[in-house]
Amino acid sequence: MSVTVKEKNASAEVKNLIDKSVSLNPAVISIRKEALEAFQKLGLPDKKAEEYRHTPITSLLQRDFDYDALLSKPSDLDPKEYFIPSVKGNIIVLINGVYSSAHSSVISPADEVHITNLSEALAGGDTMALEHFAKYADVKSDAFTAWNTASWNHGVFIRIPENAIVQTPILIYHIHDARAGQVMSASRNLFVIGRHSEVTIIEKFDSAGLSHHFSNTVTEAVVSENAHLELYSIQNDAGSRYQVGLTHIHQAGSSLVNTFTFTLNGKLIRNNLQLSLDGEGIESHMFGLYLITDDTVADNHTTVDHRKPNSFSNEIYKGIMDGNSKGVFNGKIYVRPQAQKTNAFQSNKNILLSDKATVNTKPQLEIWADDVKCSHGCTTGQLDSEALFYLQTRGINKETARAMMLYAFAIEVLNNVKHAELKTYIDQLVSERLHTNF
Amino acid sequence: MLSIKNLQAKIGDKQILNGINLEVKAGEVHAIMGPNGSGKSTLASVLAGREDYEVVQGEVEFQGQNLLDMAPEDRARAGVFLAFQYPVEIPGVSTINFMKTAVNQILKSRGQQPLDAVSFLKIMKEKMKLVDIDQSLLNRSLNEGFSGGEKKRNEIFQMAMLEPKLAILDETDSGLDIDALKIVAHGVNKLRTKSNAVIVVTHYQRLLDYIIPDFVHVLYKGKIVKSGTKDLALELEAKGYDWIKDEVAVA
C-alpha cells in the first residue's frame, strides 16, 4: 500500500517508521492495522487542516527531522536529574519512549496501585487493559493519534482497584536522550481508575542533548463512578522538543477530574485534551498555564463533551507570551441533546509581552440542549500600564512591579494545585520564569 | 521642599500645563482647586512621574533634587506620594504583600534593613487604625471589589505606611460620603508633621473643611491664576468658578 503524498510532507516517512515498529502483542494487531489505514487516509495535517491551522507541526517535522537517522539504540542516561526532588511517589521512567523498569519504582502497596508496561499488560491478557485500550482515542479524526496507535511499543498501564485512596502520587517521567542524535517516540498510556478510588498522576517531559526530538503520546484515562483523578502535565523541556499529545479522559457518573497543563518550555507543544462526561453528577476542572518565550509554540486544544445531564465543567487557561512565541487555544464544549442542566464554563486569558508574540484563541461551543448554563470568555492584552505605574508610585521598581503583576495573573491557576509539594515546585518554576525574586 | 518653576506639560499634541509656578515648604498644606479640565490631575500625575505626560518646559525641584529626572519609584523612595483619584485594582496581589514589597524596597534604597514579618505586621496594625481599615480587606486582592470609600482609605493607609515627605491627594474626596470623608481627612491630619507637606487637589471645598489648607491656588487653563488663603476656597464654594474665568478673560 502506498501513501499519497500531497505537497512535501513527512507522511510517507512516518508510514515507513510505522512499518518498522514491531508489534509486541498479537492482541492489538487488528487495532494497529485499522490505525495504519486511518493514518494513510488522513495523512499528516497540512496548513489548511483546521485543527492544526496555527501549529505548523507537519512542516517542522519535514524540515527538522531526518527519518533515516533516528536514534534507536539504548540510552545510558541517568533520569534522576529530571525528577522533582520534593515530590516522593511511585516513579515510572520512559526513556525515548521505552519503559525502563530499572529506573522505575512502585512504593504503593499492590492492593492500591497496579502499574506495568502497557504492552506487557495487553500481551498477558489483562482483561481491564484489553477492555479499555484504544476505546476512547479516535484514530479516524487525528493523524497523530492514528500514528501513535499504529506504532507504539511501550507505555504505562495504571490500574487502581475499587475503593483505593492512593496516598502517594504516581510520577511518570518522559525523557528523551537527544545527545547522540534525533529521537522520535510514540508511547501509549492507559489509566483505569476504579469506583470510589482516588489518585494523583503527574507527567513530566524532559530531554538531554541538543538534537531535535519528537514525542507523540496518547493517554486514555477511564475514571469510574465516584472516582477522583488529579492529572498534571509539566512541560518544561529546555531542549528542542516537538510534542503532540492526546489525553482522553472518560468520566463515569459522580466522578471528579482535575487536569493541569503547565507549558513553560519546548519548541512546539501541542496538547489535545478531551474529556467525555458520560454520566450524571460529574465535575471536571481543566486548568492550563503557558508561559512561553523565544520561538516556542504552545497549542492547547481542549474538548469537553457533556453527554449526560447534571454535570459541571470548568476550564481556566492562562497564557503569557514573550519573545517570538506563539500561543494557541481552542476550547470546544459540546452539550448533547440529553445533557440538560449542564453547567459549563470556559475562560482563556492571555498577556502579550512583546510586539512579536502572538496568540490565537477560539472558544467553540456547540449546544444542543436547551436548559443549560454555559459561558465562555477570552481576553488578550498587554500588562496594564496604569497598574504598573500605581505600583511604581509606591516605590516598587518597574521590573518587580511587572513580575508581581504577571505572577498575580498566573496565581489563579497555581492556587488550584492540591498537592502541596508539587504546588511549591511549580510555584518555583513559575517564579523563576517571571523573575519574581523580590 | 518643592519648587515648581514654569512647568509645562502635554499629552500627545495637547498641552495641558502652561507654566505652573508653586513653592511648597515643609509643614504646609496647599490646596489646588479649579474647574474640570483645568489641569489639576495632570499636575499631580506629572509630579508622580506618569509616563503618558511629556514635560516640555520648566523645572521641579524636590528637596534639592531634580524630580523630573527621576523614575516614579525613585520619586516615591525620595518621599513623594500620590493618592490616586482612581486607585487601580490589581487581582492576585494582596495589599499586605504589595505594601511589604514597597516598604522593603524603599528601605533597601535608603541602605536600611528590610522589616521582618513581625515588625511589618506591628507597624501595619498601627497604621490600619488611622483610617479604620480592617485587616481582612488588606488580605484581599488590591482594591478588587473595594467600595469607593474603601479604596480611598486604602490610599491613605498606604500613605501612612510609606510616611512620605510630600503627599499629593488627587481628588481624594471624590466619591466619598461625609463619614468616609471625615475618616480620610482624620487620617491625613494625623500624619501631618512640621517636616512634611500636603498638596490637596480638589474640585470642591468640602474636603478643606477637614484638611485646613494654608494656601489655596486656583488652576485654570493650565496655570495658577489666583492664590490665597482658605477664604479663597470658601469664596469659590459660594460663587463658583465663573468669576475666575471672567477675571482671566479680562486680564
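Keep in mind that what you see is a predicted model, and the values were worked out from it rather than measured.

Thresholds, definitions, all that
- Going along each chain's sequence as written, the residues are numbered from 1 onward.
- The naming scheme follows written order: chains are lettered A onward, ligands numbered 1 onward.
- The predicted origin of the model limits local features to residues at a pLDDT of at least 70 and limits the giving and counting of side-chain atom pairs to 80 or more, whereas totals for whole chains, interfaces and linings rest on all residues.
- Side-chain numbers come from the whole structure's heavy atoms, not from hydrogens or water.
- Secondary structure follows DSSP: runs of H or I at least 4 residues long count as helices, runs of E at least 2 residues long count as strands, and numbering of each begins at the N terminus.
- In this treatment the radius of gyration is a C-alpha quantity, and the globule benchmark scales as 2.2 Å times the residue count to the 0.38 power.
- Remark: exposure states derive from per-residue accessible area (1.4 Å probe, protein chains only) relative to the maximum for the residue type, with buried under 20%, exposed over 50%, and partly exposed in between.
- Using a 1.4 Å probe, the Shrake-Rupley method yields the accessible areas, and only the shown protein chains count as cover for residues.
- Pairing between two strands requires that DSSP report at least two bridges joining them.
- What counts as an axis is a line fitted to C-alpha atoms, over the stretch in contact for a helix, and the angles between N-to-C directions run from 0 to 180 degrees.
- How far a helix is expected to stretch is found by multiplying one less than its residue total by 1.5 Å.
- Where each domain starts and ends comes from a domain assignment, either automatic or drawn from a database.
- Buried area is calculated as the accessible area (1.4 Å probe) missing from two parts once they are joined, with the contributions of both summed.
- We define a salt bridge as a side-chain nitrogen of Lys or Arg found within 4 Å of a carboxyl oxygen belonging to Asp or Glu.
- Angles are sorted into four bins: roughly parallel if under 35 degrees, roughly antiparallel if over 145, roughly perpendicular if 65 to 115, and oblique for all others.
- Contact definition: two residues touch when any of their heavy atoms are within 4.5 Å.
- Each residue gets one label: Ala, Val, Leu, Ile, Met, Phe, Trp, Tyr, Cys and Pro are nonpolar, Asp, Glu, Lys and Arg are charged, and the others, such as Gly, are polar.
- In what follows, a disulfide is any cysteine sulfur pair within 2.5 Å.
- By convention a nonpolar core is built from buried Ala, Val, Leu, Ile, Met, Phe, Trp, Tyr and Cys residues, the set being connected through side-chain atoms within 4.5 Å.

We now examine the overall build of chain B. Looking only at helices and strands, chain B has 9 helices and 12 strands in total. Relative to the globule expectation of 18 Å for 251 residues, the C-alpha radius of gyration of chain B, 18 Å, shows essentially globular dimensions. Its C-alpha atoms give chain B principal-axis dimensions of about 60 × 40 × 35 Å. For chain B, with 251 residues in total, the buried portion stands at 53%. Of the roughly 11,200 Å² that chain B leaves accessible, carbon and sulfur atoms contribute 47%.

Residues and elements named next belong to chain B. Pairing in this open sheet of 6 strands is mixed, and the strands run S6-S9-S10-S3-S11-S12 from one edge to the other. Each of the sheet's edge strands pairs with one partner strand only, and the pair in question is strand S6 (80-83) and strand S12 (223-228). Ignoring which end each strand starts from, the neighbouring axes of this sheet average 20° apart. As paired elements, strand S11 (residues 215-220) and S12 share 5 bridges and run antiparallel to each other.

At asparagine 96 of chain A, a position not held by glycine, the phi torsion is positive, near 50°. The residue asparagine 96 of chain A is located in the loop between strand S1 (90-95) and strand S2 (98-105) in this model. Classification of asparagine 96 of chain A as buried rests on a relative accessible area of 14%. Within the chain, glutamate 171 of chain B stands out as a residue other than glycine whose phi angle is a positive 50°. Structurally, glutamate 171 of chain B is set in the loop between strand S9 (166-170) and helix H7 (178-191).

Here we take up helix H6 (residues 148-162) of chain B. Residues and elements named next belong to chain B. Here H6 spans 21 Å end to end across 15 residues, near enough to the 21 Å set by a 1.5 Å rise per residue. Within H6, 13 of the 15 residues are buried, which leaves the element mostly enclosed by the surrounding structure. After H6 finishes, the residue glutamate 163 shows a positive phi value of roughly 45°.

The next subject is the domain arrangement of chain A. Residue and element names in this part refer to chain A. Domain annotation for chain A reports domain 1 (5-278) and domain 2 (383-438). Taken over C-alpha atoms, the centre of domain 1 sits 32 Å from the centre of domain 2. Among the residues of domain 1 in contact with domain 2, Tyr232, Phe262 and Leu264 are the three that bury the most area, contributing 38% of the side total. Taken together, domain 1 and domain 2 are joined by 0 salt bridges.

Moving on: the packing of H6 of chain B against H7 of chain B. When two helices pack together, their arrangement is captured by the angle between the axes and the distance separating the axes. Residues and elements named next belong to chain B. At a minimum axis separation of 10 Å, H6 and H7 run at an interaxial angle of 10°. Viewed along their axes, H6 and H7 adopt a mutual orientation that is roughly parallel. Within the contact between the two elements, H6 uses Lys152, Arg153, Ile156, Met159 and Ala160 and H7 uses Ile183, Val184, Gly187, Val188 and Leu191. A per-class count over the contact of H6 with H7 returns 7 nonpolar, 1 polar and 2 charged.

What follows is about the environment of alanine 9 of chain B. Residue and element names in this part refer to chain B. Among the structural elements, alanine 9 can be located in strand S1 (residues 2-11). Look at alanine 9 and you get buried, because its relative accessible area is 0%. Taking C-alpha positions, alanine 9 is 9.6 Å from isoleucine 20, a pair spaced 11 residues apart along the chain. Look past the residues within four positions of alanine 9 in its chain and what remains in contact with it is Lys14, Gln15, Ile16, Leu17, Val46, Glu54, Val55 and Val56.

On to the state of the cysteines. A disulfide bridge is the covalent bond that connects two cysteines by way of their sulfur atoms. Within this structure, the stated rule accounts for 0 disulfides over all chains. Free cysteine: cysteine 374 of chain A, not disulfide-bonded; nearest cysteine sulfur from cysteine 378 of chain A at 15 Å.

All right, on to the pattern of salt bridges then. Applying the stated criterion across every chain, the model contains 28 salt bridges over all chains. Its salt-bridge partner being glutamate 220 of chain A, residue arginine 188 of chain A comes within 2.9 Å of it at the nearest N-O pair. Of this pair, arginine 188 of chain A sits in strand S7 (residues 188-193) while glutamate 220 of chain A sits in strand S9 (residues 213-223), placing them 32 residues apart in sequence. Here arginine 188 of chain A matches glutamate 220 of chain A in class, with each residue buried. In this structure, glutamate 247 of chain B and lysine 226 of chain B form a salt bridge, with 3.4 Å as the shortest nitrogen-oxygen distance. Here the residue glutamate 247 of chain B occupies a position in helix H9 (residues 242-250), and lysine 226 of chain B occupies one in strand S12, the gap between them amounting to 21 residues. Look at the salt bridges and you will find they share partners, linking Asp278, Asp305, Arg307, Lys308 and Arg336 of chain A into a network.

Below, the discussion takes up the nonpolar core. Core analysis: the largest hydrophobic core is formed by 132 residues, its most contacted members being Leu422 of chain A together with Leu169 and Ile199 of chain B. When residues of this core are assigned to their parent elements, the largest contribution, 11 residues, is made by helix H8 (residues 398-414) of chain A. Taken domain by domain, this core gets at least three of its residues from each of domain 1 (5-278) and domain 2 (383-438) of chain A. Filtering out sequence-adjacent residues up to four positions away, isoleucine 199 of chain B remains in contact with Leu2, Leu22, Val24, His30, Ile32, Leu47, Leu166, Ala167, Ile168 and Leu169 of chain B. If you look at the next biggest cluster of nonpolar residues, it comprises 38 residues, including Tyr99, Tyr290, Ile292 and Tyr317 of chain A.

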